[in-house]
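Chain by chain, the residues:
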Amino acid sequence: EAGVAQSPRYKIIEKRQSVAFWCNPISGHATLYWYQQILGQGPKLLIQFQNNGVVDDSQLPKDRFSAERLKGVDSTLKIQPAKLEDSAVYLCASSLVEGTLFSYEQYFGPGTRLTVT
Amino acid sequence: SQQGEEDPQALSIQEGENATMNCSYKTSINNLQWYRQNSGRGLVHLILIRSNEREKHSGRLRVTLDTSKKSSSLLITASRAADTASYFCATRGNTGFQKLVFGTGTRLLVSP
C-alpha cells in the first residue's frame, strides 16, 4: 500500500515570498491533516479536512496560510507571504475514519522542510 | 498550546536496556497515542490506548495510562540501536472532532 506522498521535500525561500506544498493521502482515507513541526517541538495541527470539508482550522494563521482539498483527495497548503517564523517541517497525514468519539491512527508523509531566509 | 509533556526530554541508554518515557496531560481524553519519529521513516504510529484501558502491549512496547493522574508511560524493553528516535505522546479529547495534540517529545539514543 502506497503511503502519504508529499512534495517538495525541501524548499528554501526568502521572506515575503509565497510557497505551496502538495499532499496525496493514502487511497480511501477520508480525513487529511496538515501539521507544522518547528524544530524541537511536536507537530501542531494547522487544518483538518473530512473529505473536502474543513473540520478544524482553528490554529491556521488565515492571514497568510490557506489550504484546499479539491475533490476530497489531494490537498495543497499555501503560505503567502512567508515569514521567518514559518521555517518548519510541514507534515501531511491521513486517516481512514474520523468518527466523533474514536480516533484512528494517522499515517504521516515524509514532510516538507521549509527554510525562510 | 501543546497538551502533552514528555519526561525526560532526552534519554541515553545502551542496547539491551529498557527505556521508559512518561507523558502528562491536562484535560480529559478519549485516547492517548504514542508516535515515533526518526529521519529514516518519519512519524509513525506505535500504539493507541483508550481512556477506559489501563495497559496495552505491542511487541516490545508496553503502555500504561492513569487517567486519575493524567499520565501515561511508554516502556521499550530490550532496546536496540534502531529504536533511536524521538517519541511523542498525542492526546485526543472526548467530544466531537477533537484534534490530536502532540507533546514535546523525548529524544531517545540507544548506543550499541
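Reference entry: report on the structure contained in this document. Since we're looking at a predicted model, the values are computed, not measured.

Our focus in this paragraph is the overall build of chain B. Helix and strand content of chain B: 0 helices and 11 strands. Reading the helices (α) and strands (β) of chain B from amino to carboxyl end gives β-β-β-β-β-β-β-β-β-β-β. Scaling as 2.2 N^0.38, a compact globule of 112 residues should have a C-alpha radius of gyration of about 13 Å, and chain B matches this with 13 Å. Principal-axis analysis of the C-alpha atoms places the extent of chain B at approximately 45 × 25 × 20 Å. With 112 residues in all, chain B has 48% of them scored as buried. Long-range pairs, those at least 24 residues apart, make up 55% of the contacts in chain B with a sequence separation of at least 6. Working note: accessible area of chain B is about 5300 Å², and carbon and sulfur atoms make up 45% of it. For chain B, the centre of its 14 positive side-chain charges and the centre of its 9 negative side-chain charges are spaced 8 Å apart.

It is worth spelling out the sheet that holds strand E3 (residues 19–24) of chain A at this point. The strands that make up a sheet are held in pairs by hydrogen bonds between backbone atoms, and each pair lies either parallel or antiparallel. Residue and element names in this part refer to chain A. Across the sheet, 4 strands lie side by side as E1-E3-E8-E7; this open sheet has antiparallel pairing. Looking at which strands have only one partner, the edges of the open sheet turn out to be strand E1 (5–7) and strand E7 (65–68). The average undirected angle you get between the axes of adjacent strands in this sheet is 15 degrees. Two strands pair when backbone bridges link them, and E1 and E3 are joined in this way by 3 bridges, in the antiparallel orientation.

This part is about the state of the cysteines. Here, the word disulfide means a covalent bond between the sulfur atoms of two cysteines. Summed over the entire model, instances satisfying the criterion amount to 2 disulfides over all chains. In this model, Cys23 of chain A is linked to Cys92 of chain A through a disulfide, with the two sulfur atoms separated by 1.9 Å. Disulfide Cys23 of chain A-Cys92 of chain A: torsion about the S-S bond near -70 degrees, hence left-handed. Highlighted residues: Cys23 of chain A in strand E3 and Cys92 of chain A in strand E9 (residues 88–95), separated in sequence by 69 residues. Accessibility assignment for this pair places Cys23 of chain A and Cys92 of chain A in one class, buried. Across a sulfur-sulfur distance of 2.0 Å, Cys23 of chain B and Cys89 of chain B are joined as a disulfide pair. Residues Cys23 of chain B and Cys89 of chain B share a disulfide whose torsion about the S-S bond is about 65 degrees; that sign makes it right-handed. With Cys23 of chain B in strand E3 (residues 19–24) and Cys89 of chain B in strand E9 (residues 85–92), the pair connects residues that are 66 residues apart, well separated along the chain. Cys89 of chain B shares its class with Cys23 of chain B; the two are buried.

The final tally for this structure, using the stated rule, is 9 aromatic pairs over all chains. Pairing Tyr35 of chain A with Phe108 of chain A gives two aromatic rings, centres 5.4 Å apart and planes at 40 degrees, and the pair type is tilted. Of this pair, Tyr35 of chain A sits in strand E4 (residues 31–37) while Phe108 of chain A is found in strand E10 (residues 107–108), placing the two residues 73 residues apart along the sequence. Taken as a pair, Tyr35 of chain A and Phe108 of chain A share a single burial class, namely buried. Clustering of aromatic rings is evident, with ring pairs tying together Tyr33, Tyr35 and Phe108 of chain A together with Tyr35, Phe88 and Phe102 of chain B.

On to the sheet that holds strand E8 (residues 71–76) of chain B, then. All names here are of chain B. With antiparallel pairing, the 5 strands of this open sheet are ordered in space as E1-E3-E8-E7-E6. Looking at which strands have only one partner, the edges of the open sheet turn out to be strand E1 (5–7) and strand E6 (55–58). Across this sheet, the average inter-strand angle for adjacent strands is 20 degrees, counted without regard to direction. Relative to E8, strand E7 (residues 61–66) runs antiparallel, the two sharing 6 bridges. Across the sheet, residue Val63 finds its bridge partner in E8, namely Leu74.

Definitions and cut-offs
Residues numbered from 1 in each chain as written. Chains lettered and ligands numbered in written order. Predicted model: local features only at pLDDT ≥ 70, side-chain atom pairs only at ≥ 80, totals over all residues. Heavy atoms only, no water. Helix = DSSP H or I, 4+ residues; strand = E, 2+ residues; numbered from the N terminus. Rg over C-alpha atoms; globule rule 2.2 N^0.38 Å. Buried < 20%, exposed > 50% of the residue type's maximum accessible area, 1.4 Å probe, protein only. Contact = heavy atoms within 4.5 Å. Areas by Shrake-Rupley, 256 points an atom, 1.4 Å probe, with all protein chains shown as cover. Lys, Arg positive; Asp, Glu negative; His and termini not counted. Charge placed at Lys NZ, Arg CZ, Asp CG, Glu CD. Pairing = 2+ DSSP bridges. Axes fitted to C-alpha atoms, helices over the stretch in contact; angles between N-to-C directions. Disulfide = S-S within 2.5 Å. Phe/Tyr/Trp six-rings, centres within 6.5 Å; stacked < 30°, edge-to-face > 60°.

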